[in-house]
Structure formats: structure tokens, C-alpha cells
Amino acid sequence: ARRPSAAEYFLTDKGPLETAERVGFTATRNLSTDDPMKALRQMAFTAAHAHDIRVAAVAASAKAAGMSYDAYVKATNPFRGRKGQKPVYSLSLSFEPGDPAADKETMLKAADEVRHVLGLQDHQCLIVQHTDTKHPHVHLIINRVHPTTGKYASAANDRLKLSEWALAWEKRHGKIVCPAR
């Protein structure tokens, strides 16, 4: 069976209906649009052109350093490292069922904090809230390709970073939901 696209999965209902009734709200970060479909297309374009963006960023750095492109590349080796394979980083943030504090503002604040914890605050991101479960939750679809440097962000130790953030969030909000963390 074919895997659904991000748009199909995050922006439509599950099952045979093709509506967006389960989407409570959407928000974007570091994108030139608030439209979620256009945001996904812009993110796909950035990912598809990561190398071109990287070359342009290196050329700008060479110019700023007063060096030719070739001399700058030889001196700094800016293309070292592995090429990125998976440009999409996605995760969901769930809140306790019935939590009155799980409103749009709080969910967006949590999403922004998570992006900072992961070092992805400058990356393109689509945030989608779903209303199809008892627990309020948002999905973050983040482009690992930096929109101005073309570099892929590392996802190393993300689970540890997110676990530490979640515990700190719970302590700040006075409610430890997961004491075993």
C-alpha cells in the first residue's frame, strides 16, 4: 500500500472522508506562508534544493571572506560530512486529556520551546493540531534542511533532549504526569 503524503496524513481526516475536520489549527514557522499546503510545498522545495542552497551559502561566505569560491572551499572544506537522507523531522506533543491549559497559545509555546531544545528554531516548520483524540496534541513537521545554509540538522540525542524538556515543562506547570521519566 502507498504511504500517504504529509498533506494527506496531517491535513485530512483518517478514513474515506477527505475533509479537514480533525485539524483544529495550523501554524508555520520560518515560512513565507500560513497556508499549510503551500508550507509543505515550500519545505519540499527547500529539501530538494539543499545542495544548491548550500553552494549559494558557501559562495556568499567566500565573498564575505574576500576569497575566491575555489580557494574558500579548499581552505574550509565546507562540504564535509554525510549528505542528509531524511529531510523531514516530525514529532507530536500530547497534553493530558481535559487539561484546560492545553489551548492554542500554550501548545504553540510548547512547540517553539521544543524547536529550540532541538536546535531547529531557524528551520521551516508546520504545526498542526488534531482534535480527533481525547488528548489534545500538536504535530510538528520540521524541515531538517536549513533554509539559508542548506545544511542538514542532526537529530542526535533527540529523545534525551525531549525527555528532559518534557520533565522541565511538567515541573514548570506544576503537574508531573510521567514520574518515571
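**Examining the side chain of Asn143**
Positionally, Asn143 belongs in strand S4 (residues 137-143). On the basis of relative accessibility, which here comes to 2%, the residue Asn143 falls in the buried class. A distance of 2.8 Å separates the side chain of Asn143 from the side chain of Gln124, its partner in a polar contact. If we ignore the near neighbours within four places in the chain, the residues touching Asn143 are Met43, Thr46, Ala47, Pro87, His123 and Gln124.

**Some remarks on empty space enclosed by the protein**
One pass over the structure, following the stated rule, counts one cavity of 30 Å³ or more. Size it by volume and the largest cavity reaches roughly 60 Å³. Lining the largest cavity we find Tyr89, Leu118, Leu120, Arg144, Ala153, Ser154, Ala155, Ala156, Asp158 and Lys161.

**Some details on unusual backbone geometry**
Among all residues save glycine, negative phi is the norm, and among peptide bonds the norm is trans. Although it is not a glycine, Asn77 adopts a positive phi angle of roughly 50°. For Asn77, a relative accessible area of 41% gives the class partly exposed. A positive phi angle is found at Asn157, which is not glycine, with a value near 60°. Its location among the elements puts Asn157 in the loop between S4 and helix H6 (158-172). For Asn157, a relative accessible area of 54% corresponds to the exposed category.

**Section: the pairing of S4**
Burial analysis of S4 places seven of its seven residues in the buried class, which makes it a mostly covered element. Burial along S4 is two-sided: the residues His137, His139, Ile141 and Asn143 and Val138, Leu140 and Ile142 are all buried. Two elements, strand S2 (residues 88-94) and S4, share seven bridges in a ladder whose sense is antiparallel. Note on S4: the bridge partner recorded for Ser90 is Ile141.

Procedures and definitions
- Residues numbered from 1 in each chain as written.
- Predicted model: local features only at pLDDT ≥ 70, side-chain atom pairs only at ≥ 80, totals over all residues.
- Heavy atoms only, no water.
- Helix = DSSP H or I, 4+ residues; strand = E, 2+ residues; numbered from the N terminus.
- Buried < 20%, exposed > 50% of the residue type's maximum accessible area, 1.4 Å probe, protein only.
- Polar contact = N/O pair within 3.5 Å; in protein donor to acceptor, adjacent residues only side chain to side chain.
- Contact = heavy atoms within 4.5 Å.
- 1 Å grid on protein atoms, 1.4 Å probe; cavity = no way out; pocket = protein on both sides within 12 Å on 5 of 7 lines; lining within 4 Å.
- Points joined across faces, edges and corners; volume = space filled by probe spheres on them.
- Pairing = 2+ DSSP bridges.

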